[in-house]
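The lines below spell out each chain.
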Amino acid sequence: MFGETATKMRAAAVAAAAVLLTSTASLAQQAGETNAAAARIEKFKALASEGVDARRKLAQVMNDTVFSFGELAYQEFETSKYLTGVLEKNGFTIERGVAGIPTAWVAKWGSGHPVIALGSDIDCLPKASQKPGVAYHEPLVEGAPGHGEGHNSGQAVNIVAALAVKELMEREKLPGTLMIWPGVAEELLGAKAYFVRAGMFRDVDAVLFTHVGDTFQTTWGQPQGTGLISVEYTFEGESSHAAARPWRGRNALRAVELMNIGWDFRREQLRPEQRSHYVITNGGDQPNVIPPLASVWYFFRELDFENIKRNYEIGNRIAEAAAMMTDTKVTRKVVGEAAPRHFNKPIAEAVQANIDRVGIPRWTDDEQTFAKAVQRLVDGPEIGLNTKPKPLEPPPAQAISGGSDDIGDVSWVAPTITLNYPSNIPNLPGHNWSNAIAMATPIAHKGVVAGSKVVAMTVIDLLERPELVKDAKTYFTDVQLKNNKVLPLLSDTDQPQVGINRGTMERFRPEMRNYYYDAAKYDTYLDQLGVKFPTLAKTPAP
Ligand SMILES: [Zn+2]
């Protein structure tokens, strides 16, 4: 870089640094920090950032390894064994099988307050198996599960951040506890409410939750989206010969059909913000046998606790009515639950300052070309990868409907935020094989490292700025809990449905094992698969 351009760029860089320093300084002044304290925080953040950079390789290996396991909700056995192994080797104490969930664990290091809990989901999606780094649909194992939501990346973000901060805490003798925990069975909204019920967050001062995104962002207040209760209804009747003596039977499938018709007619009288959907999980065995058993699985989503409960109760009544119409009996089983989310304003502001400081990774032309090719493949607008973080915005004045995440349950027992880090391509369908394509490529790796820096810097803010922990608590009790009505959605008898997906995993695991990432032998997972990144088109067979 020479001449005028370089001078201009240098001037711009100096100006940007000045702005950054001014804003950091004024933040510190607002918080009543001395210059010495602010300088110490700056120094620690720079060191933590270097600590993350020094662990780039570990970040890539963790990301790619979990990607290659591709485990469904409640079946995250290899993933949990591997991650707890990494943590144990680094001095963390592990508690396994928490909340009665075999794949759940909590890892802790340090002592005293603040207790900072870093969480991220680890499960994947059915039928989303996909070779990474190629811009076309090609499952690694036909029909197998895969990381079509990118949950392979979040623990790498958190663990690398924790190790970088731990190194600093040891050297500087900083008090505080780091806690790392996995979002087990997030795709079924299956674990976090049980974690809360088991008291996992009782002593926690702040929860930093990370989730893959296609940009850098965080939010406070109630973000777009819903909470939900997920329930399976099972009708029990009596079988009989469907042609010779149909009158002797009591048809459980008819009860399911009547329940669905009842619910669909009732939709017109529900608030437009509700979202509800069902699948028939058991429709009988064969047509000449009147089905003695049939099941239907519902998601009832709404914006707040009261409306979720209300719709759940309507669903229960319709189920009872369908049972009456068919002389069958109905029982129900809660499969999952997610409270509506509410995120902490002071922590979100601290996170945003760190997002702005770290910035989105500098993407190469290859990465942008690849992203556009994948967008073209799935008919999404071809904008490539995002190059700017999203600014922090106030929550929508009116809550907006959408999807759910059971981090909501955690957000009502401890000050919580979610950080989205830029490891994926924008404009993909979601819950789809194409969302897995970038998740073991340099795009994911760079996003993980950037996300990790933001987490590490925010942990330093929480360790070094007691007033941030205090403000977070004040917002939590005086704003969040005061202005919202929290109702329990789980009953005391509801239990995590840990057997779900066992059969599917057993069926696919033997073949998937052939594709587990061997980090001792291959630099990256793409190397192991023989994928040259980026591969834009399938080579025609010779
Ligand atoms: Zn997710």
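What counts and what doesn't
Residues numbered from 1 in each chain as written. Predicted model: local features only at pLDDT ≥ 70, side-chain atom pairs only at ≥ 80, totals over all residues. Heavy atoms only, no water. Helix = DSSP H or I, 4+ residues; strand = E, 2+ residues; numbered from the N terminus. Buried < 20%, exposed > 50% of the residue type's maximum accessible area, 1.4 Å probe, protein only. Polar contact = N/O pair within 3.5 Å; in protein donor to acceptor, adjacent residues only side chain to side chain. Contact = heavy atoms within 4.5 Å. Donors = N, O, S within 2.8 Å, 3.2 Å for Na, K, Ca; no water. Pairing = 2+ DSSP bridges. Axes fitted to C-alpha atoms, helices over the stretch in contact; angles between N-to-C directions. pLDDT = per-residue confidence, 0-100. Parallel < 35°, antiparallel > 145°, perpendicular 65-115°, else oblique. Left-handed = near helix turned anticlockwise from the far one by under 90°. Nonpolar A, V, L, I, M, F, W, Y, C, P; charged D, E, K, R; others polar. Core = buried A, V, L, I, M, F, W, Y, C linked by side-chain atoms within 4.5 Å.

1. Here's the deal with the side chain of glutamine 217
Stage number 1. If you trace the backbone, glutamine 217 turns up in strand β6 (residues 217-218).
Stage number 2. Residue class for glutamine 217 comes out buried when judged on its relative accessible area of 19%.
Stage number 3. Polar contacts involving the side chain of glutamine 217 include one to the side chain of lysine 390, which spans 3.4 Å.
Stage number 4. Discounting residues that sit within four places of it in the chain, glutamine 217 has contacts with Ile355, Lys390, Thr418, Leu419 and Asn420.

2. Section: the coordination of the zinc ion
Stage number 1. Coordination of the zinc ion by the protein involves Glu149 (OE), His151 (NE2) and His211 (NE2), with metal-donor separations of 1.9 to 2.0 Å.
Stage number 2. Sequence spacing among the residues donating to the zinc ion works out to E-x1-H-x59-H.
Stage number 3. Judged by relative accessible area, which is 17%, glutamate 149 ranks as buried.
Stage number 4. Overall, the relative accessible area of 3% leaves histidine 151 in the buried class.

3. Some remarks on the sheet that holds strand β7 (residues 227-236)
Stage number 1. With antiparallel pairing, the four strands of this open sheet are ordered in space as β8-β9-β7-β10. The strands lining the two open edges of the sheet, one partner per strand, are β8 (275-282) and β10 (329-338). Ignoring strand direction, the axes of neighbouring strands in this sheet form an average angle of 20°.
Stage number 2. Inspection of the sheet shows β8 paired to strand β9 (residues 293-302) by seven bridges, in the antiparallel sense. Looking across to β9, one finds that serine 276 is bridged to phenylalanine 300.
Stage number 3. In this fold helix α7 (residues 252-266) packs onto β7, β8 and β9, with an angle of close to 20° to the strand it touches most, β9.

4. So, the confidence of the model for the protein
Stage number 1. In the predicted model, the protein carries a mean pLDDT of 94, and the fraction of residues at 70 or more is 94%.
Stage number 2. Counted against residues more than four places away or in other chains, residues 1-22, with its pLDDT under 50, gives three contacts.

5. What about the pairing of strand β11 (residues 416-422)?
Stage number 1. Within β11, seven of the seven residues are buried, which leaves it mostly tucked inside the rest of the structure.
Stage number 2. On β11, burial covers both faces: Thr416, Thr418, Asn420 and Pro422 on one face and Ile417, Leu419 and Tyr421 on the other are all buried.
Stage number 3. Note that strand β5 (residues 206-213) and β11 share seven bridges and pair parallel. Residue pairing in the sheet places valine 207 in a bridge with threonine 416 of β11.
Stage number 4. Two strands pair when backbone bridges link them, and β6 and β11 are joined in this way by two bridges, in the antiparallel orientation.

6. Re unusual backbone geometry
Stage number 1. The residue after histidine 113, namely proline 114, is reached through a cis peptide bond having omega 0°.
Stage number 2. Considering the arrangement of structural elements, one finds proline 114 in the loop between β2 (105-111) and β3 (115-121).
Stage number 3. Each neighbour pair has its own omega, and for phenylalanine 533 with proline 534 the value is -5°, a cis peptide bond.
Stage number 4. Summarising the element assignment, proline 534 is placed in the segment after α15 (525-529).
Stage number 5. In the Ramachandran plot, lysine 173 falls in the positive-phi region, its phi being about 55° despite a non-glycine side chain.

7. Remarks on the environment of aspartate 123
Stage number 1. In this fold, aspartate 123 is placed in the loop between β3 and α5 (154-172).
Stage number 2. Aspartate 123 has contacts with Glu71, Leu72, Ala73, Glu76, His147, His151, Gly183, Ala185, Glu186, Glu187 and Leu188, leaving out every residue within four places of it along the chain.
Stage number 3. Reaching out from aspartate 123, the side chain makes a polar contact with the backbone nitrogen of glutamate 186 at a distance of 3.0 Å.

8. A word on the packing of helix α2 (residues 35-53) against α5
Stage number 1. Close contact between α2 and α5 brings their axes to 8 Å; oriented N to C, the two are set at 130°. Taken together, α2 and α5 sit at an angle that is classed as oblique. Handedness of the crossing formed by α2 with α5: right-handed. Taking contact as the criterion, the partners of Phe44, Leu47, Ala48, Gly51 and Val52 in α2 are, on α5, Val160, Ala161, Ala164, Leu168, Arg171 and Glu172.
Stage number 2. Of the residues assigned to the contact of α2 with α5, the class counts are eight nonpolar, one polar and two charged.

9. Concerning the environment of isoleucine 417
Stage number 1. Mapped onto the fold, isoleucine 417 is located in strand β11.
Stage number 2. A relative accessible area of 1% means that isoleucine 417 is categorised as buried.
Stage number 3. Measuring from C-alpha to C-alpha, the distance between isoleucine 417 and tryptophan 220 comes to 7.1 Å, with 197 residues separating the pair along the chain.
Stage number 4. With near-sequence residues (within four places) excluded, isoleucine 417 lies in contact with Val207, Leu208, Phe209, Thr218, Thr219, Phe343, Asn344, Ile347, Ala348 and Val351.

10. Side note on the packing of helix α9 (residues 345-358) against helix α13 (residues 466-483)
Stage number 1. The N-to-C vectors of α9 and α13 enclose an angle of 135°; their axes lie 7 Å apart at closest approach. When the axes of α9 and α13 are compared, the pair comes out oblique. Only Leu468, Asp471, Ala472 and Tyr475 of α13 make contact with α9, whose side of the interface consists of Lys345, Pro346, Ile347 and Ala350.
Stage number 2. Among the residues making up the contact of α9 with α13, the classes are represented as six nonpolar, no polar and two charged.

11. Comments concerning the sheet that holds strand β1 (residues 93-96)
Stage number 1. Ordered by their spatial adjacency, seven strands build an open sheet running β1-β2-β4-β3-β5-β11-β6, and the pairing between neighbours is mixed. The outermost strands of the open sheet, each flanked by one partner alone, are β1 and β6.
Stage number 2. Sheet analysis places β3 next to β5, joined by four bridges and oriented parallel. By the bridge assignment, leucine 118 is partnered in β5 with leucine 208.

12. Regarding the nonpolar core
Stage number 1. Phe92, Trp181, Phe195, Phe201, Tyr233 and Phe235 are the most contacted members of the largest nonpolar core, which totals 150 residues.
Stage number 2. Of the residues forming this core, the biggest block, twelve residues, is contributed by helix α12 (residues 442-464).
Stage number 3. Residues Leu72, Val141, Ala144 and Met505 belong to the second largest nonpolar core, which totals seven residues.

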